[in-house]
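Observations on the model geometry
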Amino acid sequence: MPINSTLAFAVGALALIGISPYVMPGEVTIEREAVIDASPEAVYQVLSSNQGFQRINPWKDADPTLQITLSGPEAGIGSAFSFSGKDGEGTQTITALDPARRVVTEIDLGAMGKPVQSFTLEPAGEGVRVIWSTRADFGLNPIGRIIGLFMDDRLGPVYEQGLKNLANVV
């Protein structure tokens, strides 16, 4: 292969590698749901409190060395905790509430971003459908966009465990 062809191929390959993350989705949503045999009010009481969330926290199941520090009010907007463990560190703070319907939190992961997590509660027969979702916006961050491709596979099972924990607590 002549040197000009080799150079053109190398430049083309590098351009493709450099551009490919930007054609990947810049935003990812992970979602799991379960119908739980409890009232929306009982589920809301657990999810709207930093202490309540620790009762169902699925990351504690996977990481016995996980360090949790509670802060802010015990429940409601501003109720928060910081965490540090094998999967990273950050904070989780309740930012919005709709009593017995929805709890929204912001997770601050520093340089990894600030995904928004929500728990939506919907009546379902004698129980409540709990939808646990997280939306992460990576903007133009190419590393984040690549990580986003694997988030559902990584977080989905964790959310499923958390929903099982929630069902056992309420």
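See the structure printed just above.
Scope of this entry: the structure provided in the associated data block.

Each value, and the rule that gives it
- Residues numbered from 1 in each chain as written.
- Predicted model: local features only at pLDDT ≥ 70, side-chain atom pairs only at ≥ 80, totals over all residues.
- Heavy atoms only, no water.
- Phe/Tyr/Trp six-rings, centres within 6.5 Å; stacked < 30°, edge-to-face > 60°.
- Helix = DSSP H or I, 4+ residues; strand = E, 2+ residues; numbered from the N terminus.
- Buried < 20%, exposed > 50% of the residue type's maximum accessible area, 1.4 Å probe, protein only.
- Contact = heavy atoms within 4.5 Å.
- Core = buried A, V, L, I, M, F, W, Y, C linked by side-chain atoms within 4.5 Å.

Inspection of every chain in the model, using the stated rule, returns 8 aromatic pairs. For the ring pair Phe53 and Phe81, a centre distance of 5.6 Å and an interplane angle of 20 degrees mean the geometry is stacked. You can see Phe53 sitting in helix H3 (residues 50-56) and its partner Phe81 sitting in strand E3 (residues 80-85), a full 28 residues away along the chain. Residues Phe53 and Trp132 carry aromatic rings whose centres are separated by 6.2 Å and whose planes lie at 80 degrees to one another, so their mutual orientation is edge-to-face. Note that Phe53 is positioned in helix H3 and Trp132 in strand E7 (residues 127-137), a separation of 79 residues in sequence. Since its relative accessible area comes to 3%, Phe53 is described here as buried. A connected cluster of aromatic rings, assembled from ring pairs, spans Phe53, Trp59, Phe81, Phe83, Phe119, Trp132 and Tyr159.

In this fold, Ser133 is placed in strand E7. For Ser133, a relative accessible area of 12% translates into the label buried. Aside from chain neighbours lying at most four places away, what touches Ser133 is Thr29, Ile30, Glu31, Val116, Gln117 and Ser118.

It is worth spelling out the nonpolar core at this point. Residues Val43, Leu47, Phe119, Leu121, Val130, Met151 and Leu166 are the most contacted members of the largest nonpolar core, which totals 28 residues. Those elements giving two or more residues to this core turn out to be strand E1 (27-36), helix H2 (40-47), H3, E3, strand E5 (102-108), strand E6 (116-124), E7 and helix H6 (151-169). Here the element with the most residues in this core is H6; it accounts for 5 residues. When residues no more than four places from it in sequence are discounted, the contact partners of Val130 are Arg32, Glu33, Ala34, Ile36, Val43, Phe119, Thr120, Leu121, Leu163 and Leu166.

Honestly, that's just the spatial picture; any functional story needs more than this.
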